Amino acid sequence: AIDKAKSLNLKVGLALNPETKLYDAAKFLDKVDLMHLMGVHPGAQGRLFLPETLSRIKELRKLLKTGIIEVDGGVNDKTAGPIKKAGADILVSASYIFKSKIPKSAYEKLKNDWTFAR
């Protein structure tokens, strides 16, 4: 599937659940453009970010020199900065924004936390 997508000039990503060992995905690292790490076990929205995701991001960043790392699940104003510091390029946040009383303010807070994280 990856080769077919690439032959069509498409970008390819691979999503990894928290229990998926990075070692198991290593054989795909040079073939994909994006690695999508789940920061929660998929299911209901609003689950808490799994702290071990930060070490997974750091480890993946060492392995994936040029690809994009995207993190999804449990992303909020407390986790955005550490996610960026760990080496992620993109974050995905839904519940934090859409379940807040003022979604625009939640979005701006998240954007600022991401932008100014070092």
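All figures in this text were calculated on a predicted structure; none of them were measured in a lab. (Residues numbered from 1 in each chain as written. Predicted model: local features only at pLDDT ≥ 70, side-chain atom pairs only at ≥ 80, totals over all residues. Heavy atoms only, no water.)

## Overview of the overall build of the protein
The following threshold applies: Helix numbering and strand numbering both begin at the N terminus, where a helix is a DSSP run of H or I of at least 4 residues and a strand a DSSP run of E of at least 2. Here the radius of gyration uses the C-alpha set of atoms, whereas the globule reference equals 2.2 Å times the residue count to the power 0.38. Any two residues whose heavy atoms approach within 4.5 Å are treated as being in contact. Under the convention used here, a 1.4 Å probe and the Shrake-Rupley method define accessible areas, while residue burial counts only the protein chains that appear. Counting rule for charge: Lys and Arg are taken as positive, Asp and Glu as negative, and neither His nor the chain ends is counted. Here the site of a charge means NZ on Lys, CZ on Arg, CG on Asp, or CD on Glu.
Scanning the protein from terminus to terminus reveals six helices and four strands. Written out in order from the N terminus, the α and β elements of the protein read α-β-α-β-α-β-α-β-α-α. Rg of the C-alpha trace for the protein: 15 Å, near the compact-globule value of 13 Å for 118 residues, within the 12% margin. For the protein, the C-alpha atoms occupy an extent of roughly 45 × 30 × 30 Å along the three principal directions. Of the contacts made within the protein by residues no fewer than 6 positions apart, 49% connect residues no fewer than 24 positions apart. Approximately 7,500 Å² of the protein is accessible, and the part contributed by carbon and sulfur atoms is 57%. Computed over 21 positive and 13 negative side-chain charges, the inter-centroid distance for the protein is 4 Å.

## Quick word on the environment of valine 75
Here valine 75 lies in the loop between strand E3 (68-72) and helix H4 (80-86). C-alpha separation for the pair valine 75 and lysine 85, spaced ten residues apart in sequence, amounts to 14 Å.

## Examining the side chain of threonine 53
How we decide: Side-chain atoms alone can form a polar contact between residues adjacent in sequence; in general such a contact is a pair of N or O atoms within 3.5 Å, and within protein one must be able to donate a hydrogen while the other accepts it.
Within the secondary structure, threonine 53 sits in helix H3 (residues 52-63). At 2.8 Å, the side chain of threonine 53 and the backbone oxygen of leucine 50 are in polar contact. In contact with threonine 53, not counting residues within four places along its chain, are Met38, Gly39 and Val71.

## Digging into the nonpolar core
Our working definition: Put simply, a nonpolar core is a bunch of buried Ala, Val, Leu, Ile, Met, Phe, Trp, Tyr and Cys residues held in one set by side-chain atoms that sit within 4.5 Å of each other. Residue exposure (1.4 Å probe, protein chains only): buried if accessible area is under 20% of the type maximum, exposed if over 50%, otherwise partly exposed.
By size, the foremost hydrophobic cluster in this structure holds 25 residues, and its most contacted members are Met35, Leu37, Ile57, Leu60, Ile69, Val71 and Ile83. A total of three residues in this core trace back to one element, the largest contributor, which is H4. Ignoring sequence-local partners within four residues, the contact set of leucine 60 consists of Leu22, Leu29, Met35, Leu37 and Ile69.

## Details of the side chain of histidine 36
Position of histidine 36 among the secondary structure elements: in strand E2 (residues 34-38). Of the residues examined, histidine 36 reaches a relative accessible area of 13% and is grouped as buried. A distance of 3.2 Å separates the side chain of histidine 36 from the side chain of aspartate 72, its partner in a polar contact. Excluding anything up to four places from it in sequence, histidine 36 contacts Leu14, Ala15, Leu16, Glu70, Asp72 and Val92.

## What to know about helix H6 (residues 103-115)
Where we set the bar: Here a helix's expected span is defined as the number of its residues, less one, multiplied by 1.5 Å.
For H6, built from 13 residues, the straight-helix expectation of 18 Å at 1.5 Å per residue is met to within 8% by its first-to-last C-alpha distance of 18 Å. For H6, the elements touching its buried residues are H4, strand E4 (90-92) and helix H5 (95-98).

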